[in-house]
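Coordinates in review
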Amino acid sequence: MQQETRRSTAWHFITGLQEAGIEYLFSNMGTDHVALIEAMAQLSLEGRPQPQVILCPHENVAIHMAAGFAAATGRGQGVLVHVDAGTANAAMGMHNLFRSRLPAMLIAGRAPFTLRGELPGSRDNYVHFVQDPFDIASIVRPYTKWEYSLPSGVLAKEALRRGHTVMHSDPPGPVFLTLPRETLHEEWPEAQVQSFPAARYGAVAAGGIAPAQAAEIAQALMQARNPIVITSYLGRKAAAVHALEALAEACGIRVYEFMPTAMNLRRDSPWFSGFDPARGLADADLVLLLDVDVPWLPKFTKPNADTRFIHMDVDALKQDFPMWGFATDLRVQTDCATALPQILEVVVQSADDALRQRVAARKTECLADGEARKSAAAQTATKPDARGAITPAAVCAAINRVIGPDDIVVNEAIRNSPAVLTQIMRTCPGSLIGCAGGGLGYSGGMALGARLARPDSRVVQIVGDGGFHFSTPSSVYAVAQRSGLPILTVVLDNGGWQAVKEAVLRVYPDGDAARSNEFHARLDGEERRFERVGEAFGAHGEYVTDPGELEAALARCIAAVDGGRAAVLNVRVAGL
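Cut-offs applied
- Residues numbered from 1 in each chain as written.
- Predicted model: local features only at pLDDT ≥ 70, side-chain atom pairs only at ≥ 80, totals over all residues.
- Heavy atoms only, no water.
- Core = buried A, V, L, I, M, F, W, Y, C linked by side-chain atoms within 4.5 Å.
- Buried < 20%, exposed > 50% of the residue type's maximum accessible area, 1.4 Å probe, protein only.
- Helix = DSSP H or I, 4+ residues; strand = E, 2+ residues; numbered from the N terminus.
- Contact = heavy atoms within 4.5 Å.
- Pairing = 2+ DSSP bridges.
- Axes fitted to C-alpha atoms, helices over the stretch in contact; angles between N-to-C directions.
- 1 Å grid on protein atoms, 1.4 Å probe; cavity = no way out; pocket = protein on both sides within 12 Å on 5 of 7 lines; lining within 4 Å.
- Points joined across faces, edges and corners; volume = space filled by probe spheres on them.
- Nonpolar A, V, L, I, M, F, W, Y, C, P; charged D, E, K, R; others polar.
- Salt bridge = Lys/Arg side-chain N within 4 Å of Asp/Glu carboxyl O.

**What to know about the nonpolar core**
Among the nonpolar cores identified, the biggest contains 72 residues, and Met312, Leu340 and Ile343 are the most heavily contacted of them. Here the element with the most residues in this core is helix α12 (residues 336–350); it accounts for eight residues. Setting aside chain neighbours within four positions, we find Leu340 in contact with Leu234, Ala240, Ala243, Leu244, Leu247, Leu290 and Met312. Counting residues in hydrophobic clusters, the runner-up holds 50 residues, among them Ile54, Ile63, Ala480 and Ala566.

**Here we look at the sheet that holds strand β9 (residues 227–231)**
Pairing within the open sheet is parallel, and its five strands lie in the order β10-β9-β11-β12-β13. The open sheet has two free edges, formed respectively by β10 (254–257) and β13 (330–333), since each of these has just one partner strand. Neighbouring strand axes in the sheet, compared pairwise and without regard to direction, differ in orientation by 15 degrees on average. Where strand β12 (residues 308–313) lies against β13, four bridges are found, and the strand directions are parallel.

**Here we look at helix α16 (residues 443–453)**
With 10 of 11 residues buried, α16 lies mostly within the body of the structure. Buried within α16 are the following residues: Ser443, Gly444, Gly445, Met446, Ala447, Leu448, Gly449, Ala450, Arg451 and Leu452.

**Considering the environment of Leu55**
Position of Leu55 among the secondary structure elements: in strand β3 (residues 52–55). On the basis of relative accessibility, which here comes to 35%, the residue Leu55 falls in the partly exposed class. Sequence-distant contacts of Leu55, that is, excluding residues within four places in its chain, are made with Ser27, Met29, Val479 and Arg482.

**Concerning the side chain of Asp493**
Topologically, Asp493 is positioned in strand β17 (residues 488–493). By relative accessible area, Asp493 is classed as buried at 1%. Residue contacts for Asp493: discarding those within four places in its chain leaves Asp465, Arg528, Phe530, Asn570, Val571, Arg572 and Val573.

**So, the layout of surface pockets**
Of the volumes computed, that of the second largest pocket is approximately 620 Å³. Along its surface, the second largest pocket is lined by 33 residues, and Ala70, Ala71, Gly74, Leu102 and Arg236 are the ones closest to its centre. Looking at the lining of the second largest pocket element by element, the count peaks at four residues for helix α3 (residues 59–73). Partitioning the lining of the second largest pocket into residue classes produces 17 nonpolar, nine polar and seven charged.

**As for the sheet that holds strand β4 (residues 77–81)**
An order of β3-β2-β4-β5-β7-β6 is seen for the six strands of this open sheet, with the pairing classed as parallel. Two strands bound the open sheet, and with one partner strand each, they are β3 and β6 (147–149). Between one strand axis and the next, the sheet turns through 20 degrees on average, direction left out of account. Of the pairings in the sheet, the one linking strand β5 (residues 104–110) to strand β7 (residues 174–180) comprises seven bridges and is parallel in character. Each residue of the ladder has a partner; that of Ile107, found in β7, is Leu177.

**A word on the pattern of salt bridges**
If charged atoms from side chains of opposite charge come close, those side chains can pair. Enumeration according to the criterion identifies 36 salt bridges in this entry. For Arg254, the salt bridge goes to Asp369, with nearest N and O atoms at 2.8 Å. With a gap of 115 residues between them, Arg254 in strand β10 and Asp369 in helix α13 (residues 353–382) connect regions that are remote in the sequence. Here Asp493 ties to Arg572 by a salt bridge, and the two come within 3.4 Å at their closest N and O atoms. Taken as a pair, Asp493 in strand β17 and Arg572 in strand β19 (residues 567–572) lie far apart in primary sequence, 79 residues in all. Overall, the relative accessible area of 28% leaves Arg572 in the partly exposed class.

Written out as structure tokens, the structure is:
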């Protein structure tokens, strides 16, 4: 009688990742992964499919590559890190993923729990004693939708399916799974480790709205004197962008973005009204909040008491915000890509000539406002700094002239984000990626992940010098070189953390720090050559301080990226 084939938990786990739909493992290996590495080798020899491993010298890059890939595709991937140390290095990325509602599965090995060789995989190294915290999940628990420690190989595929389902269910977000080393070494018959297909165990998606609600919202829009939309991340779905455009055209709705993490409406739309919702709120009688976390800053903006607010969001409750504080008259948990066409259908059936006349009048006003914004942006881009330095607006305007509509801009300019948003015209869904979290250093990894997901698009990472420091840049360009992912990094070097200085001045405008001009935010030194970090790993580097050299340096960087090399354009801009 033929003996049944037995496989390690690690083998079942890797095949389970494949079955769940995980295409990539962004990884930083350790002593906890030996069984997984052996299983990968076995699967390769057997010619069986498995996720592609992309080694990242630092977990910050690994976790943010998963973020960039998810932002570009909606598909969450695996991030494999080393025990508590790797989990700690990935924690800030988990925060960014969680706040940005991006799916990913952070997978950490665990130090062996047996001390004396009682089981295969038992402790055989000093670090196994010091890398065994009381509660490894506590490192990332505030930033996870689900956590689990695999107790047995029998459950390997079921645990993976459960994590995969939770991370993709609306609102999506990261999950955390830990793997004890002895558990990975256990062996099980293949028939004993069951599969759990997505058809019966898959993700739950937010849907549309009830017909009565669609009719109510449609009537409110058609009757409104001055309706506006405020959004931030509706553009994570291309269908939602197109639906919003159609609804704005049918009802005459001005659309504002506040702290956008996606392109929510093409910037050349007549209804796009900029990034300052306070202007629209001043005279709006109806406001639709669509997929937005913070629609305005209450300290500085106070809406009219008689304005009606309707909130439609994949996360309308903001259940992970201890306090939120924005009053709304109707709150609907929904998928805007599904709900907006429902509302539009009612509008199309009910619209009359009076509505069409009002919409035409609003459109004329919006077009005039749009031309004024474009003119102001053009003037800003050509206005020299008083000290003769290059301005961020000039840099971003130059980028706008050389990239295409399908290219992706990853924005981590922070205090210079207005220059990115107003100068770089985005017209295609998915062509802008931002971050809703508060952790700097995300854009390098996200740019790599986006390039992996969209290999035919250029990816331009725009980052301040402070964010560049945080991004573990040597790891970024090592991965770019090793994995063939050429990205263009533009460093806007203003000499430090402008945000820190501005924060002090907002609270203490006439304080001693302002008088002494000391904010402990300057990072400048005798030499600041960020491009050389990229050059150390095969990237093309340019350093620009003269405005007259910007265009040629940018062209050389674009040529390098198109030729398959990463490039770093280090521009000294006006700032601290």
